[in-house]
Amino acid sequence: MRILWLKTELLHPIDKGGKIRSYEMLRELKKNHHITYLTLDDGSADTDALVKSSEYAHAVITIPHKTAPKFSLKFYIELFINLTSALPYFMQKYVSNAMLQEVEKLVKSQNFDIVVCDFLMPAVNVPKQMEMPTLLFQHNVEAMIWRRHFEVQQNAFKKIFFKKQWQKAIAYERAACQNFDYVAAVSSVDANIMREEYALKQVADVPTGVDTEFFQARNDLEKDAFNLVFTGSMDWLPNEDAMCWFITDIYPLVKRHIPAVTLTIVGRNPFPLLIESSQNDPSILVTGRVPDVRPFMQKASVYIVPMRIGSGTRLKIYEAMSMALPMVSTRVGAEGLPIIDGEELFLRDTPEEFAEMVVNLLSDKALAQRVGQNAAKTVHDKFGWKKVADDFIELCDRAINVKATQG
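Residues numbered from 1 in each chain as written. Predicted model: local features only at pLDDT ≥ 70, side-chain atom pairs only at ≥ 80, totals over all residues. Heavy atoms only, no water.

### A word on the side chain of Ser301
Here Ser301 shows up in the loop between helix 11 (294–299) and strand 11 (302–305). Within polar-contact distance, the side chain of Ser301 engages the backbone oxygen of Asp224 at 2.6 Å. Sequence-distant contacts of Ser301, defined by excluding residues within four places in its chain, comprise Lys223, Asp224, Ala225, Phe226, Asn227, Pro326, Leu362 and Lys365. (Helix = DSSP H or I, 4+ residues; strand = E, 2+ residues; numbered from the N terminus. Polar contact = N/O pair within 3.5 Å; in protein donor to acceptor, adjacent residues only side chain to side chain. Contact = heavy atoms within 4.5 Å.)

### Description of the sheet that holds strand 9 (residues 262–266)
Within the open sheet, the six strands sit side by side as 10-9-8-11-12-13. Their pairing is parallel. Whereas interior strands pair on both sides, the edge strands pair on one side only; in this sheet they are strand 10 (284–288) and strand 13 (346–347). Relative to strand 12 (residues 327–329), strand 11 runs parallel, the two sharing three bridges. Looking across to strand 12, one finds that Val305 is bridged to Ser329. (Pairing = 2+ DSSP bridges.)

### Topic: the pattern of salt bridges
By the definition in use, this model includes 24 salt bridges. A salt bridge links Arg308 to Asp241, with the nearest nitrogen and oxygen atoms 2.7 Å apart. Remark: Asp241 occurs in helix 9 (residues 237–257) and Arg308 occurs in the loop between strand 11 and helix 12 (315–322); sequence separation between them is 67 residues. We classify Asp241 as buried; its relative accessible area is 15%. Salt-bridge contacts for Asp341 lead to Arg348; the nearest nitrogen and oxygen are separated by 3.4 Å. Residue classification places Asp341 among the partly exposed residues on the basis of a relative accessible area of 33%. What makes Arg348 partly exposed here is its relative accessible area of 22%. Overlapping salt bridges bring together Asp15, Lys19, Asp235 and Arg268 as one network. (Salt bridge = Lys/Arg side-chain N within 4 Å of Asp/Glu carboxyl O. Buried < 20%, exposed > 50% of the residue type's maximum accessible area, 1.4 Å probe, protein only.)

Now the structure itself:
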């Protein structure tokens, strides 16, 4: 199969969940299919990102595109201007006439079997009328993320902003999904939401995978008996909200029972509030970007996922499971993953319940070991990337058949 794959960024550095899922999927697909990767490029990728793209694509085309850095003057000006736009800001900033024209040119000039739009964001540069079969790869239900931002926000001004973004996101996402021949979700939960709220018929889910050879537990490294760890891109608002909530509402409850507890937050570009928290509390380490998250995960005794906002599925959970880490997550954090509370991890939603379970795992090493081993076995048995890629190609075939029946 010849695939034109649309994206808004080069994948290296592979330092966040969406990039990991795209990279692993493409790397597996490339073994049996021809991949042409068309992407926006804002210049923030690694200097060798274009060279390394040969790991996941046969041909790569980049379109220069600038977005305003978060919290810059231009960023706030764009937010203000976006108040009058029908597009939510997270879509508006990726509008590119150059990419739209390149898509049109490639579709006419090359013999692709299908166009795959990876995430919702590149869809803003996909022509509305396409003769070629199209598939939208939805890593999240984006409107759900903005709805949850609105629901948990306490600041009145921000609450108004998030509500507007949520309303715009629903309208745009519904129309965009309906413009594709098929939609691939990353969980049955997301697929059902899109069926019910967006009236989609041609939608199905593909499982989340993990590189089980890369994420393996090591017995030669000593653990810190009271260390907690969270990993994720810390410039993504749901991750920031998760850790701010944990530090404010949950961590003090854990400390009350285990004063020696420490917390490590691993991920790129942490927001200033998190850096300030680490400066005020020496038991909190905020690393920023690291070349490899595994040493920090291996050192920890409990992995935490205190997320209140999000959609899709969290790759970080499967990575931690693959390393046999005992875990406490909110239900939102583990949403869409076929795992069982009390068997492979523990699901707790209130600060009191979350803290109590963390304390139990830090105190009961036998319990921690049992749930960690169960988690590792589940992931290693069921969630390798080859099966995920095979399922994805099946959905591409469905998209092609849908287009054929439409004449």
